[in-house]
Amino acid sequence: MTRPRDGLYVWVTWLSKLMSGEVQCHWSAWFKTHYTDYRTQPIDARLASWTVEHNQYLAELIRKRKSLGEITYKEDQNKFRVRRTSGLVIAGKPDLIAYNKTTGQYTVYDVKTGSQRQSDIIQVMLYCYCLPYASPIYKGKMLDGCVVYKTDKIEVPSKMIDDAFTKKAIYFLNIVESPNAPDKCPSSIECEYCDLSGDDCPEKMLSSEVDDAKQPEGEIPL
Ligand code: SF4
C-alpha cells in the first residue's frame, strides 16, 4: 500500500527521462521520489522478450570487452547510491563497467534494445557523474561512457559531464525533491507507458478511452 518513503529516493532512469523531455509529466517521478510501495502496472509480456534480448546483448558486450583484456563488472556489481546534501538519495545500476588495465580508464556501458533516445545518453552521463562520489574505486576519476545498441553505439566522453550538465541535473533534482508536487500532464501516450496505476493517479488516461475520431480538429485555409 502506498506510503511516504522514509527518505527521498530517485532512480537515475526517472531523472534521465525528465531531463531529456521524454517524459512531460514530472508528477510521476516526483511521486516515486516521495512515495513507495505503490501499485504498479501489471508486467507487460513484451518486457520478458525485451529482458532476454537485453541480456543477450549484454553478454555479447562482456565477451567482447574481456577479449580485449579488460576487467568487467556487471549490473548488480555496479549498483550505487549517492546522497545529496539535502538527503535525497540518487541510485543507479549501470549494465557494465569495464576497466582497461593498460590505460587505467574505466568505461560505463549501458545496453539498449530499442531505437536511440536522448535519455539513453543522459542516463550514462548521470552514471559517470555519480559513480566517483559513490565508490572509492572511482573517486577522483573521469569516467567515459558508451550507449550500445544492436548495430550501433554512442560514445559519451567524460568531458561531456561539465558544469552546464551538472546545473541541469541540479535543476531537475530540485523538482523531484521539492515538497510541492509539480502539475500532472496526462496524455494517452505517456499514461500508457507510465508505471503508476489509477490508484495513485486517478487522472491516468487509458488508451481504450482515447478515440482519435473525437479529438478536436480545426480547419486551416491552405
Ligand atoms: S498516469 Fe499519466 S498523469 Fe498520472 S503520473 Fe503517469 S503520466 Fe502522469
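For the structure, check the block above.
Overview of the structure. This is a predicted model, so every value here is computed, not measured.

**Digging into the layout of surface pockets**
In this model, the largest pocket occupies a volume close to 2,100 Å³. At the level of elements, α1 (12-20), α2 (26-34), α3 (45-67), β8 (105-111), α4 (118-134) and α6 (188-193) are the ones that each hand at least two residues to the lining of the largest pocket. Ranked by residues supplied to the lining of the largest pocket, first place goes to α3 with six residues. Here the residues of the lining of the largest pocket are counted per class, giving 21 nonpolar, twelve polar and 17 charged. Here the second largest pocket is characterised by a volume of approximately 380 Å³. Along the walls of the second largest pocket sit 22 residues, with Leu-61, Lys-64, Arg-65, Tyr-109 and Val-148 positioned nearest its centre. Those elements giving two or more residues to the lining of the second largest pocket turn out to be α3, β7 (96-100), β8, β9 (144-148) and β10 (153-156). Examining the composition of the lining of the second largest pocket, we find that five residues originate from one element, α3, more than from any other.

**Quick notes on the site of the ligand**
Taken together, the neighbourhood of the ligand is formed by Cys-25, Trp-27, Ser-28, Pro-186, Cys-191, Cys-194, Cys-201 and Lys-204. Here the ligand occupies the largest pocket.

**Describing α1**
In terms of residue burial, α1 counts as a mostly covered element, since seven of its nine residues are buried. If you check which residues of α1 are buried, you get Val-12, Thr-13, Trp-14, Leu-15, Ser-16, Leu-18 and Met-19. Structurally, α1 contributes buried residues whose contacts are with β2 (9-11), α2, β5 (80-83), β6 (89-92), α4 and α5 (163-177). Of the residues one or two after α1, Gly-21 is the one with positive phi, at around 85°.

Each value, and the rule that gives it
Residues numbered from 1 in each chain as written. Predicted model: local features only at pLDDT ≥ 70, side-chain atom pairs only at ≥ 80, totals over all residues. Heavy atoms only, no water. 1 Å grid on protein atoms, 1.4 Å probe; cavity = no way out; pocket = protein on both sides within 12 Å on 5 of 7 lines; lining within 4 Å. Points joined across faces, edges and corners; volume = space filled by probe spheres on them. Helix = DSSP H or I, 4+ residues; strand = E, 2+ residues; numbered from the N terminus. Nonpolar A, V, L, I, M, F, W, Y, C, P; charged D, E, K, R; others polar. Near = heavy atom within 4 Å. Sits in = over half its atoms within 2 Å of the grid points. Buried < 20%, exposed > 50% of the residue type's maximum accessible area, 1.4 Å probe, protein only. Contact = heavy atoms within 4.5 Å.

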